[in-house]
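Chain and residue survey
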Amino acid sequence: MIELKQVSLARGGVSVLHDVSLNIPAGAITVVVGRSGVGKSTLIGSLNGLFRPSCGDITVNGIGPLRHDRAWQAHRRQTATVFQEHALIDRLSALDNVLLGLADQRHPLSPLPWPQALQLRAASALDDVGLLAHAHDRVARLSGGERQRVGVARALVRQPQLLLGDEPFSAVDPSLVAHLGHTLRQQVQQHGLTVVLVMHQMDIALALADKVVALVDGRVAFDGPATAFDRDCQAQVFARTPASPTVPSGTKSVRQ
């Protein structure tokens, strides 16, 4: 489990997250939703160390509070992130891009080919996202949705304990989203993977999530099971109105 306690965070001198307190359960899928610009991507960035809180604590089971570089390094070793902009190298093949997720397992300047065991592991990750047939295609030639799936495979090949995703399915063909969701669910069930995703496709989010965290103006407006995030809650979270104070975990709606 990951616990955020009264976390606030500013970017470029502008406050983005305000007094965020919540628990992210281990071995479950948590989806973060809300209007554009409310701090969803910043929340993901705070969980992988891209952005450090200005106050408050993030605590990870088995590591403790992430207050020092050593704790952050230990956390990053067990974390993988799927970025919205893919962060792929166009001139490399899909397989080579996935292998980069394992770069910490061999010397970066090694002139030797990747070990066969790691190549098979990368190929298996591509197979999981339905792209094995494109393993040797340069990613520059792939569609946006295919590139996004390569990013998912590169994250999964690390066999992380925590997987973070910022709109990981936004460019993926709807017919393949269910397959990717099934792949993530398998990882959760078989390996105890903890997943935190920012998503805009509400129907897909609710079908996939165990838990929903909704942000309004950088504050937690809903924190509870996906089954409780009904149409009334959604209407309040996505309304163009000022945020209400943060509510306790499990509370159904920000405005009862």
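Structure: see above.
Here's a quick rundown of the structure. (Residues numbered from 1 in each chain as written. Predicted model: local features only at pLDDT ≥ 70, side-chain atom pairs only at ≥ 80, totals over all residues. Heavy atoms only, no water.)

1. Describing the overall build of the protein
- For the protein, the count of helices and strands is 8 helices and 10 strands.
- Taken over 256 residues, the protein has a buried fraction of 49%.
- Across the protein, the fraction of contacts at a sequence separation of at least 24, relative to all contacts at a separation of at least 6, is 66%.
- Surface exposure of the protein reaches about 12300 Å², of which carbon and sulfur atoms provide 51%.
- Separation between the mean location of the 25 positive side-chain charges and that of the 21 negative ones in the protein comes to 5 Å. (Helix = DSSP H or I, 4+ residues; strand = E, 2+ residues; numbered from the N terminus. Buried < 20%, exposed > 50% of the residue type's maximum accessible area, 1.4 Å probe, protein only. Contact = heavy atoms within 4.5 Å. Areas by Shrake-Rupley, 256 points an atom, 1.4 Å probe, with all protein chains shown as cover. Lys, Arg positive; Asp, Glu negative; His and termini not counted. Charge placed at Lys NZ, Arg CZ, Asp CG, Glu CD.)

2. Things to note about the sheet that holds strand 2 (residues 14-24)
- Strand order in the open sheet made by the 4 strands is 2-1-4-5, with antiparallel pairing throughout. Across the chains shown, the open sheet's two edge strands, defined by having one partner strand only, are strand 2 and strand 5 (64-65).
- One ladder, built from 2 bridges, connects strand 4 (residues 55-60) with strand 5; its direction is antiparallel. Bridging from a neighbouring strand, V60 pairs with G64 of strand 5.
- With respect to the sheet, helix 1 (residues 40-47) is in contact with strand 1 (2-11), strand 2 and strand 4, its orientation differing from that of strand 1 by roughly 120°. (Pairing = 2+ DSSP bridges. Axes fitted to C-alpha atoms, helices over the stretch in contact; angles between N-to-C directions.)

3. Quick look at the nonpolar core
- Formed by 51 residues in total, the largest nonpolar core has its most connected members in V98, L126, V150, L163, F169 and F229.
- Among the elements that make up this core, the one with the highest residue count is helix 5 (residues 144-156) (5 residues).
- Excluding its chain neighbours within four sequence positions, the residues that come into contact with L126 are A94, L95, V98, L131, L132, A135, V150 and A153.
- If you look at the next biggest cluster of nonpolar residues, it comprises 26 residues, including L4, L9, L43 and L215. (Core = buried A, V, L, I, M, F, W, Y, C linked by side-chain atoms within 4.5 Å.)

4. Quick notes on the sheet that holds strand 9 (residues 211-216)
- Judged by pairing direction, the sheet is mixed, and its 6 strands sit side by side in the order 6-7-8-3-9-10 without closing on themselves. Two strands in the sheet have a free side with no partner beyond their single neighbour: strand 6 (79-82) and strand 10 (219-225). Averaged over neighbouring strand pairs, the angle between their axes works out to 15° when direction is ignored.
- Where strand 3 (residues 29-33) meets strand 8 (residues 194-198), 4 bridges bridge the pair, whose relative direction is parallel. When the sheet's bridge partners are listed, V32 is paired in strand 8 with V198.

5. Overview of the packing of aromatic side chains
- Under the definition given, this model contains 1 aromatic pair.
- Summarising the aromatic geometry, the rings of F222 and F229 are spaced 4.9 Å apart at their centres and angled 55° between planes, so their arrangement reads as tilted. The exposure classification of F222 matches that of F229, with both residues buried.
- Lying across the ring of W114, R106 places its NZ or CZ 4.1 Å from the centre. (Phe/Tyr/Trp six-rings, centres within 6.5 Å; stacked < 30°, edge-to-face > 60°. Lys NZ or Arg CZ within 6 Å of the ring centre and 35° of its normal.)

6. Re the pattern of salt bridges
- Applying the stated rule across the entire model yields 5 salt bridges.
- Between D90 and R147 there is a salt bridge, and its shortest N-O distance comes to 2.8 Å. Linking D90 in the loop between strand 6 and helix 3 (94-99) with R147 in helix 5, this pair joins segments that are 57 residues apart in sequence.
- Look at R147 and you get buried, because its relative accessible area is 16%. (Salt bridge = Lys/Arg side-chain N within 4 Å of Asp/Glu carboxyl O.)

7. Examining the pairing of strand 10
- Of all the 7 residues making up strand 10, 5 are buried; the element is thus mostly covered by neighbouring parts of the structure.
- Examined bridge by bridge, strand 9 and strand 10 share 6 bridges and lie antiparallel to one another. Note on strand 10: the bridge partner recorded for L215 is V220.
- Between strand 9 and strand 10, which pair antiparallel in sequence order, lie 2 residues; one of them, D217, sits at a positive phi of approximately 50°.

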